[in-house]
Amino acid sequence: MCVTRGCLLLSADRGWTGCACLRSSPAMAYQRHTGPRRYTTGTMTEKFNCHYCRDPLHGKKYVEKEGHHCCVKCFEKICANTCAECRKPIGADAKELHYKNRYWHDDCFRCSKCYHPLASEQFMMKENKILCSKCSTREDAPRCSGCHKHILPGSKNMEYKKSVWHEECFTCSQCKQAIGSGSFFPKGEEIYCVSCHEHKFAKLCVKCKNAITSGGINYQDRPWHSECFVCATCQKKLAGQRFTAVEDLFYCVDCYKTCVAKKCSGCNNPITGFGRGANVVTYEENSWHDYCFNCKKCSLSLANKRFVCVQDHIYCPDCAKKV
């Protein structure tokens, strides 16, 4: 039983049909940064000194950060965050992007693979690398075992034994037709639809010459459908029943007794070879149950003993002298 879909796997010629589960690849969760952020800047009109170097700021450009006023030089040297991409200070006039304790110039916030700017777009962080939606999809998406291209999120795919295919790439190795969610037969690395498997691998029934796809009966190393292995007279199915084979024909016990079996020359009942009548005595064109092969005069059992035939009657040697 397939755990994913509950598909029943049917046996066929001692093999198994496969179950490939049709799925949709999950969509990925993307993120956004917390920026952009700007600092308060301007030209100082009051008599303030730089918080760090103590140089006067009156008439000069200054930056306010966390309640402190500082000159541009000290801001870039002491206060400015370093861009995680270009490794340069993020100046007071630049737009600063912030994500998980890391900082970027807005024009440095790009996909690490295709370099597409992401300052105003969603992104994915993987192994400390920023990726755009397209590149992150390719990075994480499995590859199709058929065309070897990425299977993109949201697309339908087939999964079987830890391998995955695009729905249209999951095809029969013989006819190349898409199998979809239908039954199939794996043979090593190859996959076959039911029709191609029947023509290429399935045994043919001795009677109807059609492929045996499930079940079947073997008799003397020859295969039959169970519905083809029947009594030659009454057409009764013989699977699991006692039967007798006569010149490539099969008979149930009743039909063999009635239509085929020889009659015992002693009791005139059919000689079936079953049960008590399993042992048979044959002389010229006549046959007897072993328990019926007795002296006509004294009734002595003559099975496995010397006897004399006089006018189609059987006698022991002693009684034959008296006839």
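The structure this text deals with has already been given above.
By convention here, each chain's residues receive numbers from 1 onward along its written sequence. The predicted origin of the model limits local features to residues at a pLDDT of at least 70 and limits the giving and counting of side-chain atom pairs to 80 or more, whereas totals for whole chains, interfaces and linings rest on all residues. Each side-chain value is derived from all of the structure's non-hydrogen atoms; neither hydrogens nor water enter the calculation.

Some words on the overall build of the protein chain
Only DSSP runs of H or I with at least four residues qualify as helices, and only runs of E with at least two residues qualify as strands; both kinds are numbered from the N terminus onward. Scanning the protein chain from N- to C-terminus turns up five helices and 22 strands. Residue exposure (1.4 Å probe, protein chains only): buried if accessible area is under 20% of the type maximum, exposed if over 50%, otherwise partly exposed. Within the protein chain, the fraction of its 323 residues that count as buried is 33%. Considering only contacts within the protein chain whose residues lie at least 6 apart along the sequence, 28% involve residues at least 24 apart. A total accessible area of about 20,700 Å² is found for the protein chain, and carbon and sulfur atoms account for 47% of it. Note on definitions: a residue-residue contact is assigned when non-hydrogen atoms from the two residues lie within 4.5 Å. Here the open area of atoms and residues is found with the Shrake-Rupley method and a 1.4 Å probe, where only the protein chains shown may cover a residue.

Brief notes about the state of the cysteines
Disulfide: a pair of cysteine sulfur atoms within 2.5 Å of each other. In the structure shown here, the tally under the stated rule is zero disulfides. The structure places no disulfide on Cys 71, whose sulfur is separated from the nearest cysteine sulfur, that of Cys 74, by 3.4 Å. Classification of Cys 71 by relative accessible area gives buried; the value is 13%. In this model Cys 175 remains outside any disulfide bridge; the closest cysteine sulfur is found in Cys 172, 3.7 Å from its own.

Points about the pairing of strand β5 (residues 61-65)
Remember that side chains alternate between the two faces of the sheet whenever the strand is regular. As paired elements, β5 and strand β6 (residues 68-71) share four bridges and run antiparallel to each other. Each bridged residue has a counterpart across the sheet, and for Val 63 the counterpart in β6 is Cys 70. DSSP bridges decide pairing: two strands pair if at least two such bridges lie between them. Linking β5 back to β6 in an antiparallel pair, the connection comprises two residues, with Glu 66 at a positive phi of about 55°.

With respect to the environment of Ala 245
Tracing the backbone through its elements, the reader meets Ala 245 in strand β17 (residues 243-246). Overall, the relative accessible area of 39% leaves Ala 245 in the partly exposed class. Setting aside anything within four residues of it in sequence, one finds Ala 245 in contact with Tyr 219 and Phe 250.

Structural notes on the pattern of salt bridges
Salt-bridge detection follows one rule: a side-chain nitrogen of Lys or Arg within 4 Å of a carboxyl oxygen of Asp or Glu. Applying the stated rule across the entire model yields one salt bridge. A salt bridge links Arg 222 to Asp 248; the shortest N-O distance between them is 3.7 Å. Of this pair, Arg 222 sits in strand β16 (residues 222-224) while Asp 248 sits in the loop between β17 and β18 (249-252), and the two are 26 residues apart along the sequence.

Details of helix α4 (residues 253-260)
When we look at burial in α4, the residues that qualify are Val 253, Cys 255 and Tyr 256. End-on, the buried residues of α4 take up no more than an arc of 165°, which puts them together on one face. What points out from α4, more than 90 degrees from its buried face, is the exposed set Asp 254, Thr 258 and Cys 259. Packing partners of the buried residues in α4 comprise β17 and β18. What the arc measures is the spread of directions leading from the helix axis to the C-beta atoms.

Regarding the nonpolar core
Note on terminology: a nonpolar core comprises buried Ala, Val, Leu, Ile, Met, Phe, Trp, Tyr and Cys residues joined through side-chain atoms within 4.5 Å. Among the nonpolar cores identified, the biggest contains 15 residues, and Trp 104, Phe 109, Cys 111, Leu 118, Phe 123 and Ile 130 are the most heavily contacted of them. For this core, the secondary structure elements donating two or more residues are β7 (96-99) and β10 (129-131). Those residues in contact with Cys 111 that sit more than four places away from it in its chain are His 116, Leu 118, Ile 130, Leu 131, Cys 132 and Cys 135.

Quick notes on the packing of aromatic side chains
Note on aromatic pairs: the rings of Phe, Tyr and Trp (six-membered ring only in Trp) are paired at centre separations within 6.5 Å, and the planes decide the class, stacked below 30 degrees, edge-to-face beyond 60, tilted for the rest. Per the stated rule, a full pass over the model turns up 15 aromatic pairs. A centroid spacing of 6.2 Å and a plane angle of 50° characterise the contact between Tyr 219 and Phe 229, whose relative ring orientation is tilted. Of this pair, Tyr 219 sits in strand β15 (residues 217-219) while Phe 229 sits in the loop between β16 and β17, placing them 10 residues apart in sequence. Ring geometry for Phe 229 against Phe 243: centres 5.3 Å apart, planes inclined by 90°, an arrangement best described as edge-to-face. You can see Phe 229 sitting in the loop between β16 and β17 and its partner Phe 243 sitting in strand β17, a full 14 residues away along the chain.

Some words on unusual backbone geometry
A negative phi holds for most residues other than glycine; trans holds for most peptide bonds. With phi around 65°, Tyr 115 is a residue other than glycine that occupies positive phi space. Within the secondary structure layout, Tyr 115 lies in the loop between β8 (102-105) and β9 (124-126). Of note in the backbone geometry, Asp 248 takes a positive phi value of approximately 65° without being a glycine.

Geometry only, nothing functional implied.
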